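For reference, the chains in residue letters:
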Amino acid sequence: MPTQKYLCIQRSVPGKKEPPTKAQMQEMMASFNAWRQKFSAQIVDLGGKLESGGKIVTATGVSDGPFIEAKEIIGGYMIIAADSFEQALEIARQSPGVLMPGSSVEVRKIATS
C-alpha cells in the first residue's frame, strides 16, 4: 500500500437541489460501491458527510460558521494513499461525487514532517 496520504475534500455549490429519485439513488450507490471497491487499497479513511453548521474557533473566540456567503460548501472528506499526487488526482477524478453538477473534490497532500 502506498504511504503518502492525501486529504480529499468534497465541495459543492450551496443551494436547494431536488432530492434524487429512488432509481437515481440506487444508480449512485452502485457507482460509488464500484469506485470504492476499485480503489479499496488506496482508501485509508472513507471519511463521511459533514453536517451543516459548525463553529469557527480563533484566538479571540468562537463564532458561527461556515459562513453562508461562501461560494462553495464542504460536504465531506476522505483520506486516500497514493504513490504520487497524479495518482491521487486520478482516484478523485473517478469518484462518483465529482459527477454531480457543481461538485468538486479538492486533493491536498498531507505533510509528513
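Cut-offs applied
Per chain, residues are indexed from 1 in the order of the written sequence. It should be noted that, the model being predicted, local features are given only for residues of pLDDT at least 70 and side-chain atom pairs only at 80 or more, the latter also being counted only at that level, while totals for whole chains, interfaces and linings use all residues. Side-chain metrics in this entry use all non-hydrogen atoms of the structure; hydrogen atoms and water are not considered. Secondary structure follows DSSP: runs of H or I at least 4 residues long count as helices, runs of E at least 2 residues long count as strands, and numbering of each begins at the N terminus. Burial status follows relative accessibility: with a 1.4 Å probe on protein chains alone, a residue under 20% of its type maximum counts as buried, one over 50% as exposed, and anything between as partly exposed. Note on contacts: a residue pair is in contact if any heavy atoms of the two residues lie within 4.5 Å. A positive count includes Lys and Arg, and a negative count includes Asp and Glu. His and the chain ends are not counted in either. Working definition for charges: the position is that of NZ of Lys, CZ of Arg, CG of Asp or CD of Glu. By nonpolar core is meant a set of buried Ala, Val, Leu, Ile, Met, Phe, Trp, Tyr and Cys residues that side-chain atoms within 4.5 Å join together.

Undergrad: Describe the overall build of the chain, naming the residues involved and giving the relevant values.
TA: Looking only at helices and strands, one finds two helices and six strands in the chain. Traced from its N-terminal end to its C-terminal end, the chain shows the element sequence β-α-β-β-β-β-α-β. If you line up the chain on its principal axes, its C-alpha atoms span 45 × 45 × 20 Å. Looking at the 113 residues of the chain, the share that counts as buried comes to 23%. Expressed as a percentage of contacts within the chain between residues at least 6 apart in sequence, the contacts between residues at least 24 apart total 77%. Computed over 13 positive and 11 negative side-chain charges, the separation of the two mean positions in the chain equals 2 Å.

Undergrad: Describe the nonpolar core, naming the residues involved and giving the relevant values.
TA: Residues Tyr6, Cys8, Trp35, Ile80, Ala88 and Val107 are the most contacted members of the largest nonpolar core, which totals 13 residues. Going through the elements one at a time, strand E1 (4-12), strand E5 (73-82), helix H2 (85-93) and strand E6 (104-109) are the ones with two or more residues in this core. Discounting chain neighbours no more than four positions away, the residues touching Val107 are Tyr6, Leu7, Cys8, Phe85, Ala88, Leu89 and Ala92.

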